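Survey of secondary and tertiary structure
For reference, the chains in residue letters:
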Amino acid sequence: MTDSGQKIKILFDNHFHHLVLHALSYTNDYHQSEEIVQDVFVKVWQNYEQIAHVSDFKAYLYKAVYNSSLNYLRHLKIKQKYAEEATRTNDHTENPEEDSIAHTENNIRIHQAVNKLPEHWKEAIILSKYENLKYHEIAESMNISQKTVEKYISKALQFLRGELKDLLITVVLFLKFL
Amino acid sequence: MKKVLEHIDETLLLKIIEDRADEKERKRFENWIGESVMHAEYFEEFKKTYQLTSIDANAKQKNWEAVVAKVRSGQRVPDYIELPGKQPNSKTVFLNTRVRTAASIAILLGISILFKFIVFDSRQLVISGKNLNPKEPYHLADGSLVYLNGNSEIAFSKKFGNKERNISLKGVAFFEVKRNEKIPFKITTGNTTTQVLGTSFNVYSDSTGRVKVSVVSGVVAFYSGKIQNGVKLTAGEQAAYNPNLAKVVKEQNADPNFLAWKTGILYFKETPLTDAFRLLQKQYSRVFVFEPKRDGDPTLTTTFDNQTLEAVLEELNLLLNTKNSTRNDTIFFKPNN
């Protein structure tokens, strides 16, 4: 990999999940948020020479994701205006993928709930659940004790439990019937 | 619920789930969970949340591979991707008006052709909310009124009102039912039936099969399958049909804006701004963006009663201490300083 590629990989590793959640807070669409973050990195890579001088890359990436998410929403609005009429007439058709839609809807709900967490809890959850770090690694990264990390994670789970209550009922009962 | 939970430290539950608890902790946990069903239930939910939030660990790697593949193939990113300090390629992002008009004409033609292929049952009447103002009711033959939301639809027999009062509904509607004990008024939505004698209530259904009924006055029976399996709802009450459970469950009518689509009135009481903006976006067909996104989400407490967009913006600026600017369909709020 080229020198710029390596630098971009490091930025990607450090910020990917945060940026996706950032995009999600505007788009409400997790898959699309991943796409936006991917494409931002593609564009950064393609234009790396021109932007290599940027001093605060984290802020730069957040701003890029923010710009792109809002542009995407506008782009979507224009597309929807045309699509709306067409789908209305198709309303009668059954949706064969209802299950998978419900499934992705659940995932979106989970990500959105994570997005609502207070900053420290969210950071701990992202590092633990999205980045798969061990508690002692999270402690090091956040510069707090492992005990505090566990406190944050369990508080966050308690919060998420409240946010996702209706999903949980479904899942719990479902498992019992199996 | 809250009080019951004070007995256990959540980090202990975390340890149990991750199998890190020592013997003493395990004992404490077992005592606690044996105390009540509610504890067991709480633990189940906590554990489930733990599992639900375990995100696909490969997601990052997969996304990185996608980035590399896109860069290798020399693919152009979509025009809406905008790096700071660079202008977007506006020529392609925003179609100019003449192109737009041409496109919508083409689509309208396409729709009128499609319509010919949809065969309606000639004994049925289908009323679509598209052709109605949500504030103007549709008058049914029996004297009942229906307010339909934009993309909602009701269908009923041409003989409606004589021997039966059966309606099927797709979408959201508000009913004011004329009292008539002899002929029950029934609304079927997916798998559920709402039966009434004389009352007003809101029925909401979406494409996932979820149905919600909120009662404003009177008494309503809401059920799936047999009427005995349902719930009886009185004024102020709400129930939802959960398609996964195939069951009707009473719930708190927590959303004060459930009738906003009909009344045009929005109530906010310490509502997080992102939630408030989502409702305003629906009402005014604009994107609302609060700029200082990073330092927490402020809340909003006010009521908007069918105000013009200008009046709403003025009030928001006053409450949030902001100035707004508009770019295309998006309204940005920036703090005053």
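Please read all numbers here as calculations on a predicted model, not as lab measurements.

Looking only at helices and strands, chain A has 9 helices and 0 strands in total. When the helices and strands of chain A are read in sequence order from the N terminus, they spell out α-α-α-α-α-α-α-α-α. Counting across all 178 residues of chain A, residues that qualify as buried make up 37%.

Turning next to the nonpolar core. V37(A), V40(A), F41(A), V65(A), A124(A) and A156(A) are the most contacted members of the largest nonpolar core, which totals 72 residues. The greatest single-element share of this core, amounting to 9 residues, is contributed by helix α1 (residues 3-27) of chain A. Leave out the neighbours within four places in its chain, and A124(A) touches I138(A), M142(A), V149(A), Y152(A), I153(A) and A156(A). Membership of the second largest hydrophobic core comes to 29 residues, among which are V146(B), I154(B), V177(B) and V248(B).

With that settled, the discussion passes to the sheet that holds strand β5 (residues 165-170) of chain B. Residue and element names in this part refer to chain B. Strand order in the open sheet made by the 7 strands is β1-β4-β5-β7-β8-β11-β12, with mixed pairing throughout. The open sheet has two edge strands with one neighbour each: β1 (124-128) and β12 (231-234). For this sheet, the mean inter-axis angle between neighbouring strands, taken without regard to orientation, is 25°. The pairing of strand β8 (residues 192-196) with strand β11 (residues 219-224) spans 5 bridges and is antiparallel. For Q195, the partnering residue across the bridge sits in β11 and is A221.

Residue and element names in this part refer to chain B. In this model, helix α9 (residues 273-284) (12 residues) spans 16 Å end to end at C-alpha, consistent with the 16 Å of a helix rising 1.5 Å per residue. Buried within α9 we find L273, A276, F277 and L280. Seen along its axis, α9 keeps its buried residues to an arc of 95°; they face one direction. Along its buried surface, α9 packs onto β15 (265-272), β16 (287-290) and β17 (299-305). With its phi angle positive at about 50°, S285 sits one or two positions after the end of α9.

It is the contact of α1(A) with helix α5 (residues 59-73) of chain B, at a shortest axis distance of 11 Å, that shows an interaxial angle of 115°. The crossing of α1(A) and α5(B) is right-handed. Contacts from F12(A), F16(A) and H17(A) in α1(A) reach K60(B), N63(B), W64(B) and V67(B) in α5(B). Split by residue class, the contact of α1(A) with α5(B) holds 4 nonpolar, 2 polar and 1 charged.

What counts, and where the lines are drawn
Residues numbered from 1 in each chain as written. Chains lettered and ligands numbered in written order. Predicted model: local features only at pLDDT ≥ 70, side-chain atom pairs only at ≥ 80, totals over all residues. Helix = DSSP H or I, 4+ residues; strand = E, 2+ residues; numbered from the N terminus. Buried ≥ 20, exposed ≤ 12 C-beta atoms within 10 Å, placed from the backbone. Core = buried A, V, L, I, M, F, W, Y, C linked by C-beta atoms within 7 Å. Contact = placed C-beta atoms within 7 Å. Pairing = 2+ DSSP bridges. Axes fitted to C-alpha atoms, helices over the stretch in contact; angles between N-to-C directions. Expected span 1.5 Å × (residues − 1). Arc of directions from axis to C-beta. Left-handed = near helix turned anticlockwise from the far one by under 90°. Nonpolar A, V, L, I, M, F, W, Y, C, P; charged D, E, K, R; others polar.

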